[in-house]
Amino acid sequence: MKKIVLASIFLASLAACSNKPEVAEMKFETEVVKVDTISQGDVIDTAFVFTNTGNADLVIKSAKASCGCTVADYPKEPVAPGETAKISAKFNSAGKRGEVKKTITIESNTAKPFTFLKIETFIKTPKASISSGIGASQSKPRNNLKITKP
C-alpha cells in the first residue's frame, strides 16, 4: 500500500513539473523606431509589429504615450499564441524641435507586465530671420524683435 501511495505522489509531482505555466509573451520586430531628421509639423505614422510567442492568449490592457503629441492604437481582442499583431503609433512634431524621444508604455498580461516602445527623431525648425526695426544709428534696446519665417 505504501508503494502505491508513494508512486502516486511521485507521478503527481512529475506531472505537475512537466506542465508549463500558461503565459503570454510579446516578441517585437523592433521596440525602437528611429527616423532621420524631419521638419517641424511632420507626422510620423508607424507600427510596432509583434508576435505572441507564449502559450496563452495575450491581452493588452493599455498603451499610453508619454505626451499628447503621440497617440497609440492597439488590438482590443486577445492575440492567440503564435499570432502576429501590431501597435500603431502617430507622433505629431508640431511645436517640437531638436532631438525627441517619445515613449509608449504597453501594459499587458505578460510575465513582465510593462513594455516600453520608443519613437526617436530629430526635428529641424524653419529658419527665422531677426528684424529689430531699429535703424543702424539708433541705440534703443532690442526688446521689440520680430521673428519672421522665410
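As a reminder, the structure under discussion sits directly above these lines.
The structure reproduced in this document is the subject of the present report.

What counts, and where the lines are drawn
Residues numbered from 1 in each chain as written. Predicted model: local features only at pLDDT ≥ 70, side-chain atom pairs only at ≥ 80, totals over all residues. Heavy atoms only, no water. Pairing = 2+ DSSP bridges. Helix = DSSP H or I, 4+ residues; strand = E, 2+ residues; numbered from the N terminus. Axes fitted to C-alpha atoms, helices over the stretch in contact; angles between N-to-C directions. Salt bridge = Lys/Arg side-chain N within 4 Å of Asp/Glu carboxyl O. Buried < 20%, exposed > 50% of the residue type's maximum accessible area, 1.4 Å probe, protein only. Disulfide = S-S within 2.5 Å.

### Examining the sheet that holds strand E6 (residues 70–73)
Working step 1: Spatial ordering of the open sheet is given by E1-E4-E7-E6, a layout of four strands whose pairing is antiparallel. A strand with exactly one partner marks an edge of an open sheet, and here the two such strands are strand E1 (26–28) and E6. Each adjacent strand pair in this sheet contributes to an overall mean axis angle of 30°, direction not counted.
Working step 2: Bridge analysis of E1 against strand E4 (residues 43–52) gives three bridges, and the strand direction is antiparallel. Each bridged residue has a counterpart across the sheet, and for Phe28 the counterpart in E4 is Phe50.

### Some points on the pattern of salt bridges
Working step 1: Under the counting rule described, the total for this entry stands at two salt bridges.
Working step 2: Measuring nitrogen to oxygen at the nearest pair gives 3.6 Å for the salt bridge that ties Glu99 to Lys101. Judged on exposure class, the residue Glu99 and its partner Lys101 are both exposed.

### Thoughts on the state of the cysteines
Working step 1: Using the criterion set out here, one finds one disulfide in the structure.
Working step 2: Here Cys67 pairs with Cys69 through a disulfide, and the sulfurs are 2.4 Å apart.

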